[in-house]
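Below are the chains, spelled out letter by letter.
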Amino acid sequence: MEVLKYNLKSGEKIILLEFELKKNLEPQDLNFINLPDPVKEKFASKLLILSGRGPIWLYGFMIHHFHPCKAIAIYDPRIDGAVIIESHSEEYKIGVVVKDIQ
């Protein structure tokens, strides 16, 4: 059962993961979400931007899953940019808003 649909858009330094819920999620649905592996898919060296509407616990699940990425940002349409919330690199500072997301 597909509960989440996503699309990856890859740039030179950034990868954008846009997602859409296929149903109203319940916590147990996390067991059925298959996200791409950033190491196997060879995008762990990039800034990952997450974009989509979902519950905060879904975002927590996704952030944990994508922890190997160089940095993670969350797109916020109110500021038309993505806020860096996790980083393993001096290149990406927490709290910085990335405006050019592709």
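Relevant structure appears above.
Source: prediction; values computed, not measured.

A. Looking closely at the pattern of salt bridges. If you walk through the whole model with that rule in mind, you get 6 salt bridges. Between Arg78 and Asp76 there is a salt bridge, with its nearest N and O atoms 2.8 Å apart. A residue is classified by how much of its surface remains accessible, and Arg78, at 74% relative accessible area, is exposed. Glu90 serves as the salt-bridge partner of Lys93, at 2.7 Å between the closest nitrogen and oxygen. Sharing partners across several salt bridges, the network here consists of Lys13, Lys70 and Glu91.

B. Fine view of the side chain of Lys46. Structurally, Lys46 can be placed in the loop between strand S2 (14-21) and strand S3 (47-51). As a buried residue without a salt bridge, Lys46 has its nearest oppositely charged side chain in Glu12, at a separation of 8.8 Å. A distance of 2.6 Å separates a polar atom in the side chain of Lys46 from the backbone oxygen of Gly11. Apart from the residues lying within four places of it in its own chain, the contact partners of Lys46 are Ser10, Gly11, Glu12, Lys13, Ile14, Ile15, Cys69, Lys70 and Ala71.

C. Examining the sheet that holds S2 more closely. The mixed open sheet is built from 6 strands, whose spatial order is S1-S2-S3-S4-S5-S6. Two strands bound the open sheet, and with one partner strand each, they are strand S1 (4-10) and strand S6 (97-98). Pairing analysis gives 7 bridges linking S1 to S2, with the strands arranged antiparallel. Looking across to S2, one finds that Lys9 is bridged to Leu16. Contacting S1, S2, S3, strand S4 (71-76) and strand S5 (81-87), helix H1 (residues 56-65) runs over the sheet at an angle of about 145° to S2.

Calculation notes
- Residues numbered from 1 in each chain as written.
- Predicted model: local features only at pLDDT ≥ 70, side-chain atom pairs only at ≥ 80, totals over all residues.
- Heavy atoms only, no water.
- Salt bridge = Lys/Arg side-chain N within 4 Å of Asp/Glu carboxyl O.
- Buried < 20%, exposed > 50% of the residue type's maximum accessible area, 1.4 Å probe, protein only.
- Helix = DSSP H or I, 4+ residues; strand = E, 2+ residues; numbered from the N terminus.
- Lys, Arg positive; Asp, Glu negative; His and termini not counted.
- Polar contact = N/O pair within 3.5 Å; in protein donor to acceptor, adjacent residues only side chain to side chain.
- Contact = heavy atoms within 4.5 Å.
- Pairing = 2+ DSSP bridges.
- Axes fitted to C-alpha atoms, helices over the stretch in contact; angles between N-to-C directions.

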